[in-house]
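# Observations on the three-dimensional arrangement
Spelled out from the first residue to the last, the chains are:
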Amino acid sequence: MARYAMVVDTRRCVGCADCVVACQTENRVPLGYCRDWIVQDTWGTFPELKTEIRSERCNHCNNSPCVRCCPTGASHIVEGGIVLVTHNKCIGCKACIAACPYDARYVHPDGYIDKCTFCVHRVRAGKHPACVEVCPTHCLTFGDLSDPNSDVTTLLRTRVSKTLIPQAGTQPQLYFLS
Amino acid sequence: MNSSAMIFHEQVITSGRMNPEIDPSLTIWGWEIPLYLYLGGLVAGILFFSAYYVIRHREDEYPTAVKMAPMWAPPLIVVGLGVLLLDLSHWRYFWRLYTTIHLESPMSWGAWTLGIITPLSFLWAAIWLEDAFPRFSWPFLWIKGVINTIRYFRVALAWLILVLAVLLGVYTGILLSAFNARPFWNSGILGPLFLVSGLSTGTAWVMLLARSHGEREHFSRIDLMLIGIELFMIVHLFMGFFSSTEVHVEAAKLFLGGPYTAPFWVLVVGLGLVTPALIELLEVARQKVPVQVPAALVLVGGLVLRFIVLDAGLGSRWLY
Amino acid sequence: MARQFTRREFIKISSAVAGTAALGASGIGCRMPAFLRDEPLPIPDSGVRTPTWCEICFWQCAGWVYTENGVPQKIVGNEIDPHCYGRFCPRGTGGIGAYLDDQRLRTPLIRVEERGKQVFREATWEEALDKVADGIRQVCDRYGPEGIALFSHGSGGGYFKHLLHALGSNNITAPSYGQCRGPREEAYAMTFGETVGSPERTDLENAHCIVLIGSHIGENMHNLQVQEFSNAVSNGASVIVVDPRFSTAASKAKWWLPIRPATDIALLLAWIHVLIEEGLYDQDYVARYCTGLEELRAAVAANTPEWAYPITTIKPHTIRETAREMARYAPATLVHPGRFSAWYGDDTQRARANAILNALLGSWGRKGGFYVPIKTKVPKYPHPAYPEGKSTWREHPEQYPLATSALADGVCDASIPSVRGEERIRGWLVYGTNLPMTLPQPARTYEAIQHLDLLVAIDLMPAEITGWADVVLPECSYLERYDDLRITATRNATIALRMPAAEPRFQSKPGWWMAKEIANRLDLGHYFPWATIEEYLDTRLKGIGSSLAEMQRVGVKEIPTPDHRFYFAAGEAIQFATPSGKIELYSAQLAAMGFDPVPRYTAHPEPPPGYYRLLFGRTPTHTFGRTTNNPILCDTMRENEVWIARNVAKLWGIKNGDYLTLRNQDGATAGPVRAKVTERIRHDCVFLVHGFGHSQPQMPRSYRQGANDSALVTRVNVDPLMGATGMRVNFVTFEPAATPAGTVETARNQAVRVVEREVV
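Residues numbered from 1 in each chain as written. Chains lettered and ligands numbered in written order. Predicted model: local features only at pLDDT ≥ 70, side-chain atom pairs only at ≥ 80, totals over all residues. Heavy atoms only, no water.

## Brief notes about the environment of C:Y446
All names here are of chain C. The following threshold applies: Helix and strand definitions follow DSSP, with helices as H or I runs of at least four residues and strands as E runs of at least two, each counted in order from the N terminus. Contacts: residue pairs with any heavy atoms within 4.5 Å of one another.
If you trace the backbone, Y446 turns up in helix α18 (residues 442-450). As for Y446 and L435, which are separated by 11 residues in sequence, their C-alpha atoms are 9.5 Å apart. Apart from the residues within four sequence positions on either side, Y446 is in contact with P436 and W468.

What follows is the structure in structure tokens.
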């Protein structure tokens, strides 16, 4: 069974926000909203500094609190573990927004709840998500973790990686290589 | 002399994320949800005691609690539901709630509980209507017949309502505590706390409506006990946070030196719990005190509690 | 000509023209879900696909535009284009916003006087072009064609350059010379006989050691350069970043040298000293290709790391270690020449030091250093020879002997009577460059404008320059037009086609059309002998065995150059285009002109107490003022912030997110601007992203967002060699300011969480 995941190589990421803009034009995200974003984490005091740059989005968690708490089943999981929202089942109660520790969801101006879909329309056509395909530094990789030879599996096997807030128990599928 | 070094950790979202109602902090729920939770708790309390004393066959001892107070349940529930509907951003699809049940979703629990308890509360009010308003009498014989039949089975109905009322009261808290993404809500105590608070507001409602001194005094005693349990739970709530993770400690600190310190400890605990408890103590000690005062304080305190808990929870987060 | 207006007023283009944004919250073509109908998933990459090359910055990446129902929906890169290899940068990806921006210019505008006030009235193209042609003719008749100058930045400017040459004027300039790359180009020309070029001929991908001096690749988003830098970093390249600020590049570096601003020459000289003293330079390469080693050795004898330490605040052992690191990986060590180099007034000499360092490492012409770019030519469309110009800017070389291109600020000065008297320039055509925010010392620009008989602004947006024009001509965006072929030769020789993806919006027209129409009115139509732009392009393409039809299909075509060698062969004899035929470590040419033959460090004034040096730079989602109104790119960054060191902020009581006004040493102000309190910058300087702080209310998205750093550049240090205006010589202090109204809603604040931990 496929398990899609995305790997972000923070060594390569320069935080240019191309992923943010590409997602917006690919998915017609309304202006003023974004499905993915760039975080810069800086530690230390001048001049001993270290910065990690990450491209973040919905983690399409294995143990997703948002799917669990949805009263109508609008938030659901499809093949590969991709978490989607069925617009005409969503009542806009916003429980999923409260449940997401990554604050990845938002209320779409049309009323339903929206978020990153891993470009499921592209994945089903055999392509990669828009952010992955546009990234000029090639820091984003998308693939199937259940395939032992896929790019993502290889990367996770050969490099040190982490996820965000693992203690929240969500089993996120967005990995960050250091 | 400052001999310790400072290490800074700066986290910046540099692509300008400003999703409305998400950034810079969650504002997805306004006044509608705390009001709805409050009304849910209040109705739960009212129906609980009404049902309980029917089961205990003491309906004539506490007529207000059993017969008068439930008159308020239907309108309060309807207002609560209306306010809930107002909050939905995609309200035209609200009926989807009743096309499925998700056992892992407290909101689904709540939707179904409300879905059942609302008509039941109407039914319950209907059987006591003639008692509450002596000049009223059901038209048509067949209606009278139906009412009397239901009345005959009122103990069974009361059991059903009792269980649903407890569910309603507890779910208002579990709804929030199931969101482990909001550290301030993430405590198992929240459910029972809201239930007890709901019951307490229910007794306060009865105290306001009650005609006989005996009934007033009885419910004062119950309320006193409930307030005691609430205070105990609040202490435990904070103890739980302090023995949990960093974000929980930070969330707790919002109430101990942070922006919610004064509103919570003065308004909710001081005026909403301790003061009415003291007044009720006096009442129990046979002093003459206007019972409306502690009742009103408890009712307002419960409302403020919900508002503060909602607000503080939305403001607490794991990231950024 | 009797000037129509004795005094030029700034006209705000009325909001009736600018209109309200058609982009509501429902986004770009959002569809409402039908009740109960299962919403079908969108079809990926649907719509009509047309080739283009991007205009958002000068890198000119080729890509594909997907259009549905006549509206461009998204842009992606062309896989075979060596500028981007299928991946556009965020600005290119957001190029759709340039098309969608409802606040762009809509109709031609002509300055008239109404009731004692100067306003713009909407005009037809006929009227506007007639007026432009009349204006040009009048200037030419009275003062000759040299009375007209062209400021050009952008691909459509080529047609106006052609027009000016046809007219007989050589007064063509772009701010990118005197205000940007000029010092670097002349320094490298002095040293190696060739310029670095644009795009730079840097072999980043193969470099094992990369030295960046002020370059903030990663925030500077020149596409392939970032791709190559990222590859190099990923392959373990050793990166050394010299920057007063902890930039993105610095965060990927092995060494970050937080140098005191204005002391880079000292560091470069110290490095040169170490390489020579420790014999770490490429001895074979230097012996074979360079001249002047002994003079160089003598000149830097005193420039030890110990000498450089108090000047630069970089420790001596760090200087030595980094020099050794460079030598360790030489010749695959690239000391990046940078791009914007107009810093402090001794910039050509600093770039010379940079070039000399590269020469010592042997990186010029070697793998991992600087490759030899391919040269290619595509036959031009035949046109009559240009008339000889009577005079050019070259005839005023007395000040800047090394300048090989017209200085934009020089052309500006040449329009002021007190500078040039009756010989001055009388009319400006300004294509795609917003002079008030581009040239330093804006007061000078405004003074020059006041003396013009004619000012024509051709632009996409109602940028500040348009408010001063006599005639405003609205150009359509690059997504709505054809343009000349993109011909580049770096590692590959390629041509790329730009064709319209959509019809021009409102009344806008392409630049080529405007130039042709103006030429026709000036009896210069024979210089534009092609009937349509398609014919023009097809003819040129047929000259290399292609055609318009083919290019419309493929977008990018490579011109094979199989025999090209990118690197010097071992032992190969090379003749450099310098007076000595060798790489000149010591420049006799400079000595003869009275300049330092080997760069020398001179101290620059430090900021006075309470003031901080103003540094400015780039951000990846914007190309300065060109994109600050782009609705899509604005979403990622709406305003700039001033980076202030935490210690400094503490002194001033400034907290992160406070709004400040910046005041410089001459009393000029900018802001209010949000403060970013950070550890990532030195205590003696502050940093702003350039291009914000617009003053045009008809571009509400960018109006007053952030601070305009150009307004603070009231002082420049002019480079005596080639005239570049060094602009990092201004100092600012802070004044509290009120938080602008509606900040939370209109400004995209960046959520910040700062945790301070005490470590005992």
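## Examining the interface of chain A and chain B
Threshold: Two parts placed together each lose some accessible area under a 1.4 Å probe, and adding up what both lose gives the buried area. Salt bridge, as used here: a side-chain nitrogen of Lys or Arg that lies within 4 Å of a carboxyl oxygen of Asp or Glu. Here a polar contact is taken to be a pair of N or O atoms separated by no more than 3.5 Å, where protein atoms must pair a possible hydrogen donor with a possible acceptor and residues adjacent in sequence count only if both atoms sit in side chains. For this classification, the nonpolar set comprises Ala, Val, Leu, Ile, Met, Phe, Trp, Tyr, Cys and Pro, the charged set comprises Asp, Glu, Lys and Arg, and every other residue, Gly included, is treated as polar.
The interface is formed by 48 residues belonging to chain A together with 43 residues belonging to chain B. In total, about 4000 Å² of surface goes out of reach between chain A and chain B, with carbon and sulfur atoms giving 57% of it. Where B:R182 meets A:D103, a salt bridge forms, and the shortest distance between an N and an O atom there is 2.8 Å. Counting every contact that joins chain A to chain B gives 25 residue pairs in polar contact (both at pLDDT 80 or more). The set of elements that each furnish at least two residues to the side of chain A that touches chain B consists of β2 (37-45), β3 (48-56), α2 (65-69), α3 (95-99) and β6 (106-107) of chain A. Here the side of chain A that touches chain B gets 9 residues from one element, more than from any other, and that element is β2(A). Class assignment for the residues of the side of chain A that touches chain B results in 27 nonpolar, 12 polar and 9 charged.

## A closer look at the sheet that holds strand β3 (residues 71-77) of chain C
All names here are of chain C. To keep it simple, the criterion reads: Between any two strands, pairing holds if DSSP finds at least two bridges. Note on geometry: axes are C-alpha line fits, over the in-contact stretch for helices, and angles between N-to-C directions span 0 to 180 degrees.
Taken in spatial order, the 3 strands make up an open sheet running β1-β2-β3, and their pairing is antiparallel. The two strands at the open ends of the sheet, each matched to only one other strand, are β1 (48-53) and β3. The mean inter-strand angle of the sheet, taken between neighbouring strand axes irrespective of direction, is 30°. The sheet contact formed by β1 and strand β2 (residues 62-68) spans 6 bridges and is antiparallel. Note that in β2 the partner of T50 across the bridge is V65.

## Let's talk about the pairing of β2(C)
All names here are of chain C. Applicable threshold: Relative accessibility under 20% of the residue-type maximum defines a buried residue, over 50% an exposed one, and the middle range a partly exposed one, all with a 1.4 Å probe and only protein chains included.
Buried residues dominate β2, accounting for 6 of its 7 residues. Alignment of β2 against β3, held across 6 bridges, turns out to be antiparallel. Paired with Y66 across the two strands is K74, which belongs to β3. With antiparallel pairing between neighbouring strands as the criterion, β2 and β3 make up a hairpin whose turn holds 2 residues, including N69 at a positive phi of roughly 55°.

## As for the nonpolar core
Rules: We define a nonpolar core as any set of buried Ala, Val, Leu, Ile, Met, Phe, Trp, Tyr and Cys residues linked to one another through side-chain atoms lying within 4.5 Å.
Within the largest apolar cluster, 123 residues are counted, with the highest numbers of intra-cluster contacts made by B:W29, B:W124, B:L176, B:W185, B:F219 and B:F264. For this core, the element with the highest residue contribution is helix α1 (residues 32-55) of chain B, accounting for 16 residues. Setting aside chain neighbours within four positions, we find B:W29 in contact with A:C93, A:K94, A:A95, A:A98, B:D87, B:M107, B:L176, B:F179, B:W185, B:L310 and B:L314. By size, the runner-up hydrophobic cluster in this structure holds 108 residues, among which are C:I213, C:V239, C:A270 and C:Y612.

## Observations concerning the confidence of the model for chain C
The predicted structure's coordinates, where accompanied by low pLDDT, should not be read in detail. Residue and element names in this part refer to chain C. So the rule is basically this: Each residue gets a pLDDT score, which is the predictor's confidence in that residue and runs from 0 to 100.
Summarising the model, chain C shows a mean pLDDT of 90, and 92% of its residues fall at 70 or more. In this model, residues 15-30 is a region of pLDDT below 50 whose contacts with residues beyond four sequence positions or in other chains number 27 contacts. Throughout residues 745-749 the model reports pLDDT below 50, and contacts reaching past four residues in sequence, or to other chains, amount to 21 contacts. Complex prediction metrics read pTM 0.91 and ipTM 0.95.

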